Structure formats: structure tokens, C-alpha cells
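# Structural overview for review
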Amino acid sequence: MKRLICVAMIVGIVSVLSAGASAQVKKGKTRVLTTKQMMSGLIKPNCAGIGEGLKAAPVDEKAWEDLATKAALLNESSFILMDDGRCPDGDWANASKSLRDGSAAVLTKIEAKDYAGAQEAFKAVTGSCAACHKVHKK
Ligand code: HEC
């Protein structure tokens, strides 16, 4: 009987732990936004927009401003990734940090209208996507 209770407890603990871990990756603890929605609606369009926008040197003030908006939104998304208990581990935290630092560097170059510098800085941004996906995107 004691053994049965012990086994039941272990099963209980393991299922609580695994449910907690998967909830954190796919969604935060209290807010409604899923990670999938954040990726498809916020992170991907802004990242792709910067990639597109940097294929050739931006032509006017409006084009630079548009790139700055996208870089700032990507930067903000790095904070959302860490909020509300969404972050499960150090791999996630490190990738979010490099998304934050990379997008801030891109923004600095955009504000200086440094086209080559922005292209170079953007590599750290795409590197951060790969770093997190390698571990956490199933
Ligand atoms: C800290 C972790 C992390 C970072 C950084 C990250 N992602 Fe993701 N991404 C995920 C996870 C986890 C999923 C899977 C979500 C799911 O299906 O529940 C995902 C899924 C996606 C998807 C698929 C969405 C869908 O509709 O199924 C796209 C597109 C995506 N990410 C783009 C990006 C881009 C572009 C970047 C970099 C600018 C990035 N991600 C950075 C964790 C991350």
C-alpha cells in the first residue's frame, strides 16, 4: 500500500512538472498570447520585414523609419519572451538576450542610417531565432 502511494505520488509530481514545462514554452502563465501567435504575428513579420528592407539601401526617410519600427518591435518581443513565466530555461533566456541585444544594435545602425552596419548587426538577430528553435521548436 505504501509503495502504491509512493508510485502515485511520483507519477503525480512528474505529470505536474511536465505540464508546467510545456505550458511555459507554448504560453505564459496568465496572459492569452501563445508563443505560436507571437512568432507568426509579431516576431516573424518584423524579422522578415527587416530582412526584406535591408536587401537594398533604404531610399528615403520613410523607409528608414519603417525599419526602425520593426527593429524596436523585435526588441520589445524579446522582453515578452521573458515575461509571464514563459521562459523555461537558460537556452531560452540566452536566445532572448541575443534577440534583445541584436535588435538594439540593428536599431542603432538604422538610426545612424548605416546600411552595411545594419546588415551586419541583423545576423545576430537571425542567429537568436536559430539558437532558440534548435532547442525549443518541435
Ligand atoms: C526564446 C525562444 C525563441 C526565439 C528567440 C525565437 N523563437 Fe520562434 N519559436 C519558438 C517556439 C517555442 C516556437 C514553437 C511554438 C509552438 O508551436 O507552440 C517557435 C515558432 C516559430 C515560428 C512558427 C510559428 C507557427 O505559426 O507555427 C516562426 C515563423 C518563428 N518561430 C519565427 C521566429 C523568428 C523569425 C525568430 C527570430 C527573429 C524567432 N522565431 C525567435 C521560440 C523562439
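Summarised in this report is the structure supplied together with it. Computed from a prediction, not measured in an experiment: that's the story for all the values here.

### What about the pattern of salt bridges?
- On inspection of all chains with the given rule, the structure shows six salt bridges.
- Residue K123 pairs with E120 through a salt bridge whose shortest N-O separation is 3.0 Å. Placement of the pair is K123 and E120 together in helix α5 (residues 115-136), with a separation of three residues, close to one helical turn.
- On the accessibility criterion, K123 (54% relative accessible area) is exposed.

### Section: the site of the ligand
- Taken together, the neighbourhood of the ligand is formed by 18 residues, with K36, M39, C129, C132 and H133 sitting nearest.
- Within the side chain of K36, an N or O atom sits 3.1 Å from an oxygen atom of the ligand.
- At 2.8 Å, a side-chain N or O of H133 approaches a nitrogen atom of the ligand.
- Only α1 (2-26), α2 (35-53), α4 (90-111) and α5 provide two or more residues apiece to the shell around the ligand.
- Top contributing element to the shell around the ligand by residue count: α2, with seven residues.
- For the shell around the ligand, the residue count by class is eight nonpolar, six polar and four charged.

### Some points on a positive patch on the surface
- A cluster of like positive charges, contributed by K26, K36, K137 and K138, occupies part of the molecular surface.
- Its place among the elements puts K26 in helix α1.
- By relative accessible area, which is 58% here, K26 ends up exposed.

Rules used in this analysis
Residues numbered from 1 in each chain as written. Predicted model: local features only at pLDDT ≥ 70, side-chain atom pairs only at ≥ 80, totals over all residues. Heavy atoms only, no water. Salt bridge = Lys/Arg side-chain N within 4 Å of Asp/Glu carboxyl O. Helix = DSSP H or I, 4+ residues; strand = E, 2+ residues; numbered from the N terminus. Buried < 20%, exposed > 50% of the residue type's maximum accessible area, 1.4 Å probe, protein only. Near = heavy atom within 4 Å. Polar contact = N/O pair within 3.5 Å; in protein donor to acceptor, adjacent residues only side chain to side chain. Nonpolar A, V, L, I, M, F, W, Y, C, P; charged D, E, K, R; others polar. Patch = residues over 30% accessible without salt bridge, like charges linked within 9 Å, V, L, I, M, F, W, Y side chains within 5 Å. Areas by Shrake-Rupley, 256 points an atom, 1.4 Å probe, with all protein chains shown as cover. Lys, Arg positive; Asp, Glu negative; His and termini not counted. Charge placed at Lys NZ, Arg CZ, Asp CG, Glu CD.

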